[in-house]
Amino acid sequence: MNRSSSSVLVNAANAVPVPKKKSLLSRFLSRWESPVAGYLFLAPWLIGLFLLTFWPMLQSLYFSFTKYSLLEQPEWTGFGNYERIFTSDAVFIQSLKVTFLFVLFSVPLKLFAALLIALLLKQNIRGMSFYRTMVYLPSLIGTSIAVSILWRNIFNSDGLFNQLLGLFGIEGMNWISNPKTALGTLILLVVWQFGSSMVIFLAGLKQISTELYEASSVDGATKIRQFFSITLPMLSPVILFNLVLQTIGSFQMFTQAFIITHGGPINSTYMYALYLYDRAFGRLQMGYASALAWIMLVIIAVCTALIFVSAKHWVFYENDGGKKG
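Quick caveat, the model's predicted, so the values are computed rather than measured.

**With respect to helix α7 (residues 145–154)**
- Every buried residue of α7 is listed here: V147, S148, W151 and I154. For α7, the angular spread of buried residues about the axis comes to 120°, placing them on one side.
- Buried residues along α7 sit in contact with α6 (128–141), α8 (160–167), α9 (182–192) and α13 (255–261).

**Examining the pattern of salt bridges**
- Using the criterion set out here, one finds 1 salt bridge in the structure.
- The closest approach of N and O atoms between R279 and D89, which form a salt bridge, is 3.7 Å. You can see R279 sitting in helix α14 (residues 272–282) and its partner D89 sitting in the loop between α4 (80–88) and α5 (90–121), a full 190 residues away along the chain. Each member of the pair, R279 as well as D89, carries the same accessibility label: buried.

**Overview of the environment of M286**
- Looking at where M286 falls in the secondary structure, it is placed in helix α15 (residues 286–311).
- A relative accessible area of 14% means that M286 is categorised as buried.
- Residues M286 and P74, spaced 212 residues apart in sequence, show a C-alpha to C-alpha distance of 9.3 Å.

**Thoughts on the environment of S144**
- Assignment of secondary structure puts S144 in the loop between α6 and α7.
- For the pair S144 and I259, spaced 115 residues apart in sequence, the C-alpha to C-alpha distance is 9.8 Å.

**Some details on the confidence of the model for the protein**
- On average, the protein scores 85 in pLDDT, and the residues at 70 or more come to 86%.
- Per-element mean pLDDT across the protein ranges from 50 in helix α1 (residues 3–15) up to 96 in α15.

**Considering the side chain of T99**
- Take T99: it is sitting in helix α5.
- A polar atom in the side chain of T99 sits 2.7 Å from the backbone oxygen of S95.
- Not counting residues up to four positions away in its chain, the partners in contact with T99 are F251, M271 and Y272.

**Observations concerning the nonpolar core**
- Of all hydrophobic cores here, the largest spans 64 residues; its most connected members are F92, F102, F201 and M271.
- At 12 residues, α5 tops the list of elements feeding residues into this core.
- Once residues within four sequence positions are removed from consideration, F201 is found in contact with L111, A114, L115, A118, L235, V238, I239 and N242.
- Y68, A280, M286 and A289 belong to the second-largest nonpolar core, a separate cluster that totals 5 residues.

**With respect to the packing of aromatic side chains**
- A full pass over the atoms with the stated rule returns 21 aromatic pairs.
- When the centroid spacing of 5.4 Å and the interplanar angle of 85° are considered together, the rings of F100 and F251 count as edge-to-face. Linking F100 in helix α5 with F251 in helix α12 (residues 223–251), this pair joins segments that are 151 residues apart in sequence.
- Of the residues examined, F100 reaches a relative accessible area of 35% and is grouped as partly exposed.
- Taking the relative accessible area as the measure of exposure, F251 reaches 2% and is therefore buried.

**Things to note about unusual backbone geometry**
- Going from G264 to P265, the amide bond is cis rather than trans, its omega being -10°.
- Positive phi is not limited to glycine here, since H262 has a value of about 50°.
- Mapping H262 onto the fold places it in the loop between α13 and α14.
- For I266, which is not glycine, the phi torsion reads 55° and is therefore positive.
- Topologically, I266 is positioned in the loop between α13 and α14.

**Focus on the layout of surface pockets**
- Taken as a whole, the largest pocket spans an internal volume of roughly 440 Å³.
- Contributing to the lining of the largest pocket are 15 residues, with K122, Q123, Y213, K223 and T231 lying nearest its centre.
- Those elements that place two or more of their residues in the lining of the largest pocket are α10 (195–206), α11 (210–218) and α12.
- When its residues are assigned to classes, the lining of the largest pocket shows 5 nonpolar, 6 polar and 4 charged.

Calculation notes
- Within each chain, residue numbers correspond to sequence positions counted from 1 in written order.
- Residues qualify for local features only when their pLDDT is at least 70, as the model is predicted, and side-chain atom pairs are given and counted only at 80 or more; totals for whole chains, interfaces and linings, by contrast, use all residues.
- Just so you know, side-chain values use all the structure's heavy atoms and leave hydrogens and water out.
- Only protein chains enter the accessibility calculation, which uses a 1.4 Å probe. A residue is then buried if its area is under 20% of the maximum for its type, exposed if over 50%, and partly exposed in between.
- Runs of H or I in DSSP of at least four residues are treated as helices and runs of E of at least two as strands, each being numbered from the N terminus.
- To be clear, the arc concerns the directions from the helix axis to the C-beta atoms.
- What makes two residues a contact is simply this: any of their non-hydrogen atoms within 4.5 Å.
- Any carboxyl oxygen of Asp or Glu within 4 Å of a side-chain nitrogen of Lys or Arg constitutes a salt bridge here.
- One confidence number per residue, pLDDT, is output by the predictor and ranges from 0 to 100.
- Any pair of N or O atoms that falls within 3.5 Å is considered a polar contact. Within protein, one atom must be able to donate a hydrogen and the other to accept it, and sequence-neighbouring residues count only if both atoms are side-chain atoms.
- Put simply, buried Ala, Val, Leu, Ile, Met, Phe, Trp, Tyr and Cys residues joined by side-chain atoms within 4.5 Å make one nonpolar core.
- Two aromatic rings, drawn from Phe, Tyr or Trp (for Trp, its six-membered ring), form a pair once their centres lie within 6.5 Å of each other, and the interplanar angle then sorts them: stacked below 30 degrees, edge-to-face above 60, tilted otherwise.
- Method remark: on a 1 Å grid restricted to protein atoms, a set of points is classed as a cavity if a 1.4 Å probe fits but cannot get out and as a pocket if it is open with protein on both sides within 12 Å along at least five of seven lines; lining residues have an atom within 4 Å of a point.
- Grid points are joined across faces, edges and corners, and a volume is the space filled by probe spheres set on the points.
- Think of it as three bins: nonpolar holds Ala, Val, Leu, Ile, Met, Phe, Trp, Tyr, Cys and Pro, charged holds Asp, Glu, Lys and Arg, and polar takes everything else, Gly as well.

Have a look at this one:
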């Protein structure tokens, strides 16, 4: 090999870049490219999920098979609590009946009010943002203790509602103390809190193409026909979503019944959640209350499943080529 060839080889060798040693910052950042980084960011939520949700659920499931009063060690009783609930607990049947009545009336009325107000707030008029805020405001404070106390005072014998009736010569009553009307006052309060459902309906209405309404107007469709042929079908997935959320929330109704009526009169507003609370913290029967909680979980799961099963007959999805389901 001559001198010129060797010099070329030396120059070529020198031209090969020598990998530089990564800095400490580069090595640190490269580690965060692995999936472990995602789990580390999720760790606080996962820890809370397991410690504050799954673990208490497992504990309550165990306690439901025991006699437990918080003051002594749990005593295993097997299905004793469940047997007592279904065979000899008349208050359980009453609370379940009241809760189902509450759900049956409050959920449809609340969704109807939310949809009606959403249709009104969809209009493009001056100051609509202010109107939407004012309409949504009751939902922000509706579940508070102060509003529950105010509601109780409104429907007392000398409350604001009876004063308004007096202006028309109608003699009122103590609506909360009457077993026939007490539950109705709670339903009215919950219906008044339609804000969250209204916002979801409003978002769904804005997603409906205006071309559908324009085409139907050309064909001579009236506003009522457009509502039933366009608005409701296109809004049905949103209705399903609100229906599931409101059904679950209504089964868990507690604060209003506890503050306004405390289950009275004559257990006419004795909600299931209120009965569970009284068993757990009033009588310190944690095992019995845990069994009640798991029964309610099963009831809510069954009702939710029935809603989803029925959805294939009335929920319309636009990407299904005009088919329901």
